[in-house]
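Coordinate inspection notes
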Amino acid sequence: MGQTAKGIPELIRYLKRFGYLNKEYSPDDNNQELYDEVLESAVKLYQTFFKLNVTGKLDSETIEVMAKVRCGVPDNPVQVLSKKKQEAIHGKQKHKYLINIGADYAFFPGSPKWGYFELTYRIESSAEPVGGFTVEEFEDALGRAAIEWSDNSMFTIEEAAGGVEPSIRTGFHRGDHGDGFVFTNPTLAHAFAPSDGRMHFNADKHWSINDTLTRDQFDIVWTAIHELGHVLGLDHSVDPNAVMFPTVDPGTTKRNLGGDDIQVLLNMSSNAQSFEEVLTSLQGMSKGQTAQGLHEVRQYLYRFGYLNEKDITSLNDSNKDYFDDVLESALKRYQKYFGLNISGNLDSATIKLMAKPRCGVPDVMESDAGKCYLSGKFVN
Ligand SMILES: [Zn+2]
Ligand SMILES: [Zn+2]
């Protein structure tokens, strides 16, 4: 601190650009190149987010991270770090399956949400990517990213059919492409918070869908999963194992949700609120009754591994809201799994639990408690 250097204005631009320095900040008019205490604390915030040594100095480790290619969406360090602080005060959640926002990742400020779960996308590019990367490869990558999130969240994401207005518009763009966020050298891609749906990839980067990449290529699948996370409402994570971590390393692939990504929550959508309302309206229901909304409970139980696909596909409009044997036994399994009173009814304890945000990965009856089963391997 107190030193001056030619690179200071550039550092200021970087810290402002990625959410570490208030946009209003302007350095001392007499000395534009002074490393003052405001800059020092912004650098400390940056170092905390990236789990570096918090020196407040521009040491080589910090410069190395800043030089990395990264997502163009700013980080939200204050939100993430204050949550961690809360966690330190309140302790870790006792039940690992019921994860609230208290983890390393964050939602966009104000938690903007989609009003529905079925999202569609369409490719609309204004530029052709360098290096001969093809539309077919891009389609393939988007399909894989859509499956990854569809399998691990309440959303289903599919390519939009012709003539249908898509919820997500994605494609390759170059430099200044008209949305106010110019693609510069370190920016790989960016996306907008719900429910905007724009998801843009930098056409000047070398993209690849191959399993093995050359040292200058970026994994399109990884980036597509990451940007789609933003489209769904997730902000950057401080967990380096998470797909939602802001930097992307060239030459490497990351194609499954990991770290805290899997904590994709019911409350990512405003439907979470209405699901809660549906649940409340169903309180006390038991076998033999019919009530509008019971099909949503079935979907929930299917989604999290308590009903089979055939239990869902065999339903029609006349019986989907009927509380039958199948629903009763699924509820009993659910209640058993969570150590509730096994009533087979939608009692208040069951309703309360279902309404809570939870891990997006289905429960596995025989698995060790406290673990989520994802893509064939256990993750904590
Ligand atoms: Zn990002
Ligand atoms: Zn853009």
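Note that the coordinates shown come from a computational prediction; the quantities given were computed from them, not determined experimentally.

1. A look at the environment of Lys23
- Its location among the elements puts Lys23 in the loop between helix H1 (8-17) and helix H2 (37-49).
- Between the C-alpha atom of Lys23 and that of Ile12, which follows or precedes it by 11 residues, the distance is 9.5 Å.

2. Some points on the nonpolar core
- Ranked by internal contacts, the top residues of the largest apolar core, which has 43 residues, are Ala141, Ala145, Ile220, Val221, Ala224 and Leu228.
- Top element by residues in this core is helix H6 (residues 220-232). It accounts for eight residues.

3. Remarks on H1
- By the burial criterion, the buried members of H1 are Leu11, Ile12 and Leu15. In an axial view of H1, the angular spread of the buried residues amounts to 100°, which keeps them on one side of the axis. Facing away from the buried surface of H1 by more than 90 degrees, the exposed residues are Pro9, Glu10 and Arg13.
- Looking at the buried residues of H1, the elements they touch are H2.
- A positive backbone phi angle near 90° is found at Gly19, which sits one or two residues after H1.

4. A word on the packing of helix H5 (residues 135-152) against H6
- Where H5 meets H6, the closest approach of the two axes is 8 Å, and the angle between their N-to-C directions is 50°. Overall, the two elements H5 and H6 adopt an arrangement that is oblique. For the pair H5 and H6, the crossing hand works out as right-handed. For the pair H5 and H6, contact is made by Glu137, Phe138, Ala141, Leu142, Arg144, Ala145, Glu148 and Trp149 and by Ile220, Val221, Ala224, Ile225, Leu228 and Leu232, respectively.

5. Remarks on the sheet that holds strand E4 (residues 189-191)
- One open sheet holds the five strands; their spatial order is E2-E1-E3-E5-E4, and the pairing between them is mixed. Strands at the two margins of the open sheet, each flanked by one partner only, are strand E2 (156-159) and E4. Between one strand axis and the next, the sheet turns by 20° as a mean value, whatever way the strands run.
- Strands strand E1 (118-123), E2 and strand E3 (168-173) of the sheet are contacted by H5, whose axis makes an angle of about 165° with E2.
- Here H6 sits on the sheet in contact with E3, E4 and strand E5 (198-202), set at roughly 25° to E4.

Criteria and thresholds
Residues numbered from 1 in each chain as written. Chains lettered and ligands numbered in written order. Predicted model: local features only at pLDDT ≥ 70, side-chain atom pairs only at ≥ 80, totals over all residues. Helix = DSSP H or I, 4+ residues; strand = E, 2+ residues; numbered from the N terminus. Core = buried A, V, L, I, M, F, W, Y, C linked by C-beta atoms within 7 Å. Buried ≥ 20, exposed ≤ 12 C-beta atoms within 10 Å, placed from the backbone. Arc of directions from axis to C-beta. Contact = placed C-beta atoms within 7 Å. Axes fitted to C-alpha atoms, helices over the stretch in contact; angles between N-to-C directions. Parallel < 35°, antiparallel > 145°, perpendicular 65-115°, else oblique. Left-handed = near helix turned anticlockwise from the far one by under 90°. Pairing = 2+ DSSP bridges.

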